[in-house]
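# A look at the structure
Each chain is listed here by its residues.
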Amino acid sequence: MASEDRLLHMIGNAHIDPVWLWQWPEGYQEVRATFASAIARMAEYPEFVFTCDSVLYLAWVEEHDPDLFAAIGERIADGRWQQVGGWWIEPDCNLPAGESFVRQALYSQRYLREKFGVTATVGCNVDPFGHNASLPQILRKSGMDSYVFMRPGPHEMALPGPYFWWESPDGTRVLAYRIPHEYCSSGTDLGYQIDKSLAQLPADAPELMVFYGVGNHGGGPTRANLDSIRRLDATGGLPRLRCGSTRDFFDRLLSAGADIPVHAGELQHHAVGCYSAHSGVKRWNRRAENLLARAEKWASVAAEVGGIAYPAHELTEAWKLVLFNQFHDTLGGAAIEPAYEDSRDQFGHAVSLAGAAFNRSVQTLARRIGIAQEPDMYPVVVFNPHPWPLVADVEFEFGGFPAYAARVVDDRGEPVAVQRTRSKAMVDGWRRRLALAVEVPPLGYRTYRIYPASGTAAAPAVTATDTCLENEFVSLELDPATGWLRALRDRVSGTDLVAGGAHAVVVDDRSDTWGHRVRSYDNAAGAFEPRSVRLVEHGPVRSVVRVVSAYGSSTLVEEYVLGARDRHVEVRVTLDWHERRKLLKLRFPTTLSEVTATFEIPYGHLSRPANGSEEAAQAWVDVSGTLPDGRRGGLAVLNDGKYGHDVRDGDIGVTAVRSPVYAWHEPKELDDDELDGELYTFQDQGRQEFTYRLVPHAGDWRSASVVRLAAELNQPAFPLLESYHEGDLPQALSFMAVSAGSVVPTVLKMAEDGPDALVVRAYESAGRACEATIEVLGRAVTATFGPAEIKTFLVPRDPAEPIRETDLVEWSAWPEQAADPRSEPPASPAASAVEPGVEARA
């Protein structure tokens, strides 16, 4: 095709990192300066169109520069300021939970509609380091039919072309475009930018996009950029150049009737070190996401049952702080060290807001439980945040009576196993810590009563020695020579899954902070060696074996916890890490062959090759395959704050800690003479705690309730010490439940449009279509879920009003420019009425 018959849509933009090699106040200022420059260029160049993608930046301008905000509004109205993205920020697109991606769109699309009467129809994440497979469904159901990105580049992942239908596991598609060469340019002539971009693009494509504008620290298109577009377009030696928009490009592409290929699955890999860089920010993020979800559920219940106001403003503020700190350089661990002081404080503020909302809610409910006074009795109410029955062991500090031993009964007077464990308080006598074996109704509570006990303590329920733990479901044997398991048996199926080998492996890591050009971390430098293996707790609730190991200047403490009723082994880890330019891989060798490796991704799961490559995962990874005796079985490893994983053949690896230099980007070379000095600061030095669980199983992971067990690890039950008082609520009560095990309700909150309705969100987690009934606060809806489908329901508080299925933004009507996404398959339908108990189909 002749050059003059082709068209390049020149997309003027200014990618802005609000945090990276600078802290957020500098980013705040660069937003204002960049936007003011874009408005000025529009006055000078009538053909110029500016593309902007992070809605937070508009909110920043609104709060401190009303004149600039008004000017932006005028340009949005005349179409020359194109608002794409529809998200609060460009987050890391692998590590946040599924609900975080929903909130990116929920708050942003509503902001755009409220302030400007528009919504974004093009998703845009030009800089993040890979894109999870669930995004097409999330984009579609929040009003976006297309997507632009840059990473992974052509050297990192082959794709069927620069544009393609991107399909998520549920079958939803968006039209995607990979930006050639770079999303930003120099501030000078664009000839080089165009030449390099064309070199990555097919020569016969009639229309393509090239992005330009000074970026990262803002800036945007310059006079020199715009002058060069005019000059280069006039030469006749290039395709025609037109200042344009992503929306226009996608519309013209579809209207041309081109044959567009399909890519199903994720877009990976780039900068795999970001899955594990800076353990702290990863842990803060996971904790904040779960505490916010918990707070919303109980605030919804308290508003309905307890009559208190739902803290909508506080929870929205908290969510926006979390979303900001999911920015790809922040959550990816790639920013400068002082930026993480800001991130710690902002995550902390979000957690504080969530904690206050949760505490007020459960206290409101607990004070209404009728609890009669009894001599020497202390009540405790245990709250379950999940819409399924919870069988778990909870711990809490207890003052109460001076007796050493305690006995506990539930609301029916049945005895409940209890044992004393190590207190967090280092005082004599009156403070102790109890572990209690509870069973709590779905998204509900149960009241237990604690009494002083006399006589012989209850017998231990787990068979235990210094190296062995066994209940009726699981047994394990530790090798004191290695500090790792010699055996891990699923006693129900009779399978032994664990193979010998090193467990806590130290790996040399010479890559930069991002882990550029790394596919796997497997250059072993050594392993932690055990110093002691001993039984430290043994009682009617559980038994605990502690393994203490060391490597170099670092120590590792792993406490293997087996409860009497558990089908899994919980391992509580305390790591004191002082290695530099190394990482710690916790490896879990198995006897499996012919394996399938499955990783949890946001609102779903994905199978990947078991080839040892570093992969991002949420709260669990599973390997299932053939045992030496020919039967099928598997091992799932669950975690509460780690994201970097690998599976090689039948062995699972979890990257526990990684210690590169802060904000070190190749090709910059480090000074070897300063590596042991004070010039460089290394990540993850010092003490950290986390927990993982080992779940042996027959068959595959679906049969072992892995998704629910991971949710229970990350959102544990909450015990609240109470007192005597009258009340109108019973000793135990459930507020929400789900029938199908593969459908996971993750959200219960007040609707964005006010207190007259609640929102329930759930997704199908097993990749198999099913029907599920969700009961919530006296109402019920039965719906058919497709494989990996996310559904959202509006539940009016007025029982005369029907439950309605809606989209992720909770709208039944969209602005006109988003009503018809102009592509196949169609976008999510408008909200539809669903009578309680009647099947709702997609």
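Residues numbered from 1 in each chain as written. Predicted model: local features only at pLDDT ≥ 70, side-chain atom pairs only at ≥ 80, totals over all residues. Heavy atoms only, no water.

## Points about the nonpolar core
Convention followed: By convention a nonpolar core is built from buried Ala, Val, Leu, Ile, Met, Phe, Trp, Tyr and Cys residues, the set being connected through side-chain atoms within 4.5 Å. The classification of residues rests on relative accessible area computed with a 1.4 Å probe and restricted to protein chains. Under 20% of the type maximum is buried, over 50% is exposed, and intermediate values are partly exposed. Here, two residues are considered to be in contact whenever any of their heavy atoms come within 4.5 Å of each other.
Formed by 184 residues in total, the largest nonpolar core has its most connected members in Phe35 and Trp81. Residues in contact with tryptophan 81, not counting those within four places in the same chain, are Phe35, Ala38, Ile39, Met42, Phe50, Cys52, Leu58, Ile72, Arg75 and Ile76. Grouped together as the second largest cluster of nonpolar side chains are 47 residues, Leu497, Tyr551, Leu584 and Leu635 included.

## What about the confidence of the model for the protein chain?
Note the cut-off: On a range of 0 to 100, pLDDT expresses the predictor's confidence in each residue.
Of all residues in the protein chain, 96% attain a pLDDT of 70 or more, and the chain-wide mean is 94. Note on residues 817–842: pLDDT under 50 across the span, and 69 contacts to partners over four residues away in sequence or across chains.

## Describing helix H13 (residues 706–714)
Cut-off, in case you're wondering: Segments assigned H or I by DSSP are reported as helices when at least four residues long, segments assigned E as strands when at least two residues long, and all are numbered from the N terminus.
Burial within H13 is extensive, with eight of its nine residues counted as buried. Those residues of H13 that fall on the buried side of the exposure criterion are Val706, Val707, Arg708, Leu709, Ala710, Glu712, Leu713 and Asn714.

## Let's talk about the environment of arginine 41
Test applied: In the analysis that follows, any N or O atom pair within 3.5 Å is treated as a polar contact, provided that within protein one partner can donate a hydrogen and the other can accept it, and provided that, for residues neighboring in sequence, both atoms belong to side chains.
Summarising the element assignment, arginine 41 is placed in helix H1 (residues 24–44). Each C-alpha atom, one on arginine 41 and one on arginine 223, is 7.3 Å from the other, the two residues being 182 residues apart in sequence. In contact with arginine 41, not counting residues within four places along its chain, are Phe48, Pro221, Thr222, Arg223 and Leu226. At 2.8 Å, the side chain of arginine 41 forms a polar contact with the side chain of glutamate 44.

## A short note on the sheet that holds strand E30 (residues 593–601)
Note the cut-off: We treat two strands as partners when DSSP finds at least two bridges between them. For helices, the fitted axis covers only the stretch in contact; all axes are lines through C-alpha atoms, and the angles between them, taken along N-to-C directions, range from 0 to 180 degrees.
What the nine strands build is an open sheet, ordered E25-E26-E27-E28-E37-E34-E33-E30-E31; its pairing is antiparallel. This sheet does not close on itself; its edge strands, each paired only once, are strand E25 (529–538) and strand E31 (604–608). Strand after strand, the sheet turns through a mean of 20° between neighbouring axes, direction not considered. Of the strand pairs in this sheet, E25 and strand E26 (residues 542–551) are connected by eight bridges, and their pairing is antiparallel. Opposite proline 530, over in E26, you have serine 549 as the bridge partner. Along the sheet, H13 makes contact with strand E28 (569–577), strand E33 (620–626), strand E34 (632–639) and strand E37 (686–698), crossing E34 at roughly 20°.

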